[in-house]
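Descriptive structure summary
Each chain, written out:
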Amino acid sequence: MEKYKKIIFATLTIAMMVVVVWGCNKGFLDKKPIGQYTIETYFTDEAKAFQAVVGVYDVSGWDKTFDRMFWTLGDGASDDSNFGMNRDDGSPPYVDINPITDYANVAEAKFSPAFENMYKGFYEGINRANVAINGIETAPISDQKKARFIAECKALRAIYYFMLVNYYGGVPLFIKPINPGNADDVNIPRATARQVYDQIEKDLTEAIPALPTKQATIDEKMVGRVTKGAAGALLAKVFLFDKKYTEAAAAAQVVMASGEYNLNPGYYANFVQATANG
């Protein structure tokens, strides 16, 4: 019996030594995550590439961007709204979604959650666009799909930067994916408004040729995705804000000449889903 105990003990000791030695092997411990995607492993087919593009669109529907914050800092702060900042009836400048400060008081306005939330929201969209563009560029998908997906991301990135430059002036300009843990990636100088406008105009100009027509999105039952007309109209507006009036007129003329768009008979129709896309 004692003999068997010694054999069992020796066997267990050898087994434990093997585990320890094997565990010290760098290759045994240093494994890539297999339970989650990384930027390097995600873009393996068309479906995943499209999901990344959808993620860039998704930001446009957030409260932080074109939903509540957009309205709050736009019409909500003007005489067009009953919920303006300085109402004549003496009621407090407050909207039930967030406290809205008096924007005439710059010292207080800079602490407004609306300003901070919109800033963060649009940069999330920009980061998603940068990641998607970078991944799609080398994804194993058709050149046609690759061009369209990248064009959509550039157009959306242009929209997000257009909003930022109008609310904040010059802002940090990120056009490549960043590592949030790397200070050199994150802490970059603030770009000038001129540099931001140049990037917006570049993105839209590059995106338009690869985008579909409005009719093409109707045929594929994808109405709402960025089209040549949508990007062209945005480019005209960007040129207008940038005081490039000749370029603005030319860009607008291209959209009108497409024959795909008409003015709605009533202003309210712009806010009805059935007629929201022109």
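The structure we're discussing is the one just above.
Residues numbered from 1 in each chain as written. Predicted model: local features only at pLDDT ≥ 70, side-chain atom pairs only at ≥ 80, totals over all residues. Heavy atoms only, no water.

A closer look at the overall build of the chain
Looking only at helices and strands, the chain features 13 helices and 2 strands. In the chain, 60% of the contacts between residues at least 6 apart in sequence involve partners at least 24 apart. Accessible surface computed for the chain: about 17400 Å², of which carbon and sulfur atoms make up 60%. (Helix = DSSP H or I, 4+ residues; strand = E, 2+ residues; numbered from the N terminus. Contact = heavy atoms within 4.5 Å. Areas by Shrake-Rupley, 256 points an atom, 1.4 Å probe, with all protein chains shown as cover.)

Structural notes on helix H4 (residues 46–58)
With 13 residues, H4 should cover 18 Å at 1.5 Å per step; its first-to-last C-alpha distance of 18 Å lies within 8% of that length. The complete set of buried residues in H4 reads Lys48, Ala49, Ala52, Val53, Gly55, Val56 and Tyr57. Contacts from the buried residues of H4 go to helix H3 (39–42), helix H7 (113–137) and helix H8 (143–168). Between a side-chain oxygen at the N-terminus of H4 and the backbone nitrogen of Ala47 the separation is 3.2 Å; the capping residue is Asp45. (Expected span 1.5 Å × (residues − 1). Buried < 20%, exposed > 50% of the residue type's maximum accessible area, 1.4 Å probe, protein only. Polar contact = N/O pair within 3.5 Å; in protein donor to acceptor, adjacent residues only side chain to side chain.)

Side note on the packing of aromatic side chains
Applying the stated criterion to the full structure yields 10 aromatic pairs. On the basis of an interplanar angle of 35 degrees and a centroid distance of 5.7 Å, the ring pair of Phe122 and Tyr160 is categorised as tilted. Within this pair, whereas Phe122 is found in helix H7, its partner Tyr160 is found in helix H8, the two being separated by 38 residues in sequence. Here the two residues Phe122 and Tyr160 agree in accessibility, since each one is buried. Between Tyr123 and Phe174, the ring centres sit 5.9 Å apart and the planes meet at 85 degrees, which makes this aromatic pair edge-to-face. Taken together, the residues span a long stretch of sequence, with Tyr123 in helix H7 and Phe174 in the loop between H8 and helix H9 (183–186) at a distance of 51 residues. The exposure class assigned to Tyr123 is buried, which follows from its relative accessible area of 13%. Ring-pair connections join several aromatic residues into one group, and the members of that group are Tyr119, Tyr123, Tyr161, Tyr167, Tyr168 and Phe174. (Phe/Tyr/Trp six-rings, centres within 6.5 Å; stacked < 30°, edge-to-face > 60°.)

Re the packing of H8 against helix H12 (residues 228–241)
For any two helices packed against each other, one specifies the crossing angle of their axes together with the interaxial distance. Relative to each other, H8 and H12 sit at 25 degrees, their axes nearing to 11 Å. Here H8 lies roughly parallel to H12, going by the angle between them. Handedness of the crossing formed by H8 with H12: left-handed. Together, Ala155, Ile159, Phe162 and Asn166 of H8 and Leu234, Lys237, Val238 and Phe241 of H12 make up the contact between the two elements. Looking at the contact of H8 with H12 residue by residue, the class counts come to 6 nonpolar, 1 polar and 1 charged. (Axes fitted to C-alpha atoms, helices over the stretch in contact; angles between N-to-C directions. Parallel < 35°, antiparallel > 145°, perpendicular 65-115°, else oblique. Left-handed = near helix turned anticlockwise from the far one by under 90°. Nonpolar A, V, L, I, M, F, W, Y, C, P; charged D, E, K, R; others polar.)

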